[in-house]
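Observations on chain architecture
The lines below spell out each chain.
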Amino acid sequence: MAAVLPTKGNLMAAKRSRALALTGYELMDRKRNILIREMMSLMDTAKAVQSQIDTVFAEAYQSLQRANIKLGICDRIAEAVDVDDTLNIQYRSVMGVELPHIPDNAPPPRLEYGFASTSSALDECYIKFRQVKDLIRQLAEVETSIYRLAEAIKKSQKRANALKNIVIPGFDETIRFITDALEEKEREEFVRLKVIKRQTGQ
């Protein structure tokens, strides 16, 4: 602050900078609130998906146990099922934060193994594990989005706090310093003019 010359130009510049910092703070605060709202809605979704996953995982492993009991260990039969590489990550932007979106591009389920040496227990197992995969896709999308939003909220909060507690008070102090200096200069000038008037009036 000592380096700032108390001139009207510097006062106007400090006021402009303070107005910009205040606008920046308001925008950061608004961004933070929008991101928090988005994160809260995703947390509700994550809870719902997580509770579904727990249930479906338990059902899938039970059906796998039944299939293993009826057919023997099913790992050789499982090798007949093609690897599904249809997952494709896209992104959507929320207030500049890139959130992943993984659309369900998986083809409709079709049984890829022979019926001669299998039973309906294996079919049920196959369908349950497809459900597990779909729920994991949803959960991965939601949890990654929540993590990214939490990081962005933390950064926005830090910036908003810096503007509110450091930058804006700094400009306030500079404006006060320049204003006081200019008022003091005006008073000195007024007194000087009065003295000159008195001396020339005599």
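Here, residues in each chain are numbered from 1, in the same order as that chain's written sequence. Only residues with pLDDT of at least 70 are given local features in this predicted model, and only at 80 or more are side-chain atom pairs given and counted; all residues enter the totals for whole chains, interfaces and linings. By convention in this description, side-chain values take in all heavy atoms of the structure and omit both hydrogens and water.

**A word on the side chain of Lys128**
Under the scheme used here, helices are H or I runs from DSSP no shorter than 4 residues and strands are E runs no shorter than 2 residues, and both carry numbers assigned from the N terminus. Topologically, Lys128 is positioned in helix H3 (residues 120-201). When residues no more than four places from it in sequence are discounted, the contact partners of Lys128 are Val56, Glu59, Ala60 and Ser63. Residue contacts are counted whenever heavy atoms from the two residues lie within 4.5 Å of one another.

**Describing the nonpolar core**
In this description, a nonpolar core means a group of buried Ala, Val, Leu, Ile, Met, Phe, Trp, Tyr and Cys residues linked to one another through side-chain atoms lying within 4.5 Å. Note on exposure labels: buried denotes an accessible area under 20% of the residue type's maximum, exposed denotes more than 50%, and partly exposed covers the range between, all computed with a 1.4 Å probe on protein chains only. Formed by Leu35, Met39, Leu42, Ala46, Val94, Val97, Leu99, Val142, Ile146, Leu149, Ala152 and Ile153, the largest nonpolar core amounts to twelve residues. Listing elements by their share of this core, those giving two or more residues are helix H1 (8-71), strand E2 (97-101) and H3. When near neighbours in sequence (up to four residues on either side) are disregarded, Met39 contacts Ile146, Leu149, Ala150 and Ile153. Core analysis: the next-biggest nonpolar cluster, separate from the first, contains seven residues, Val56, Ala60, Val132 and Leu135 among them.

**Re the pattern of salt bridges**
Whenever a carboxyl oxygen of Asp or Glu lies within 4 Å of a side-chain nitrogen of Lys or Arg, that contact is scored as a salt bridge. On inspection of all chains with the given rule, the structure shows nine salt bridges. Put simply, Arg66 and Glu124 hold a salt bridge, and the shortest N to O gap is 3.0 Å. Placement of Arg66 in helix H1 and of Glu124 in helix H3 is noted, with a sequence separation of 58 residues between them. Residue classification places Arg66 among the partly exposed residues on the basis of a relative accessible area of 38%. Salt-bridge contacts for Glu184 lead to Arg187; the nearest nitrogen and oxygen are separated by 2.9 Å. Taken together, the positions of Glu184 and Arg187, both in helix H3 and three residues apart, correspond to about one turn of that helix. Under the relative-accessibility criterion, Arg187 is labelled partly exposed at 46%.

**Things to note about the pairing of strand E1 (residues 90-94)**
Pairing between strands requires that DSSP locate at least two bridges from one strand to the other. In the sheet, E1 pairs with E2 via five bridges, with the strands oriented antiparallel. Residue Gln90 lies in a different strand from E2, and its bridge partner there is His101. Counted between consecutive antiparallel strands, the loop separating E1 from E2 contains two residues, among which Met95 sits at a positive phi close to 55°.

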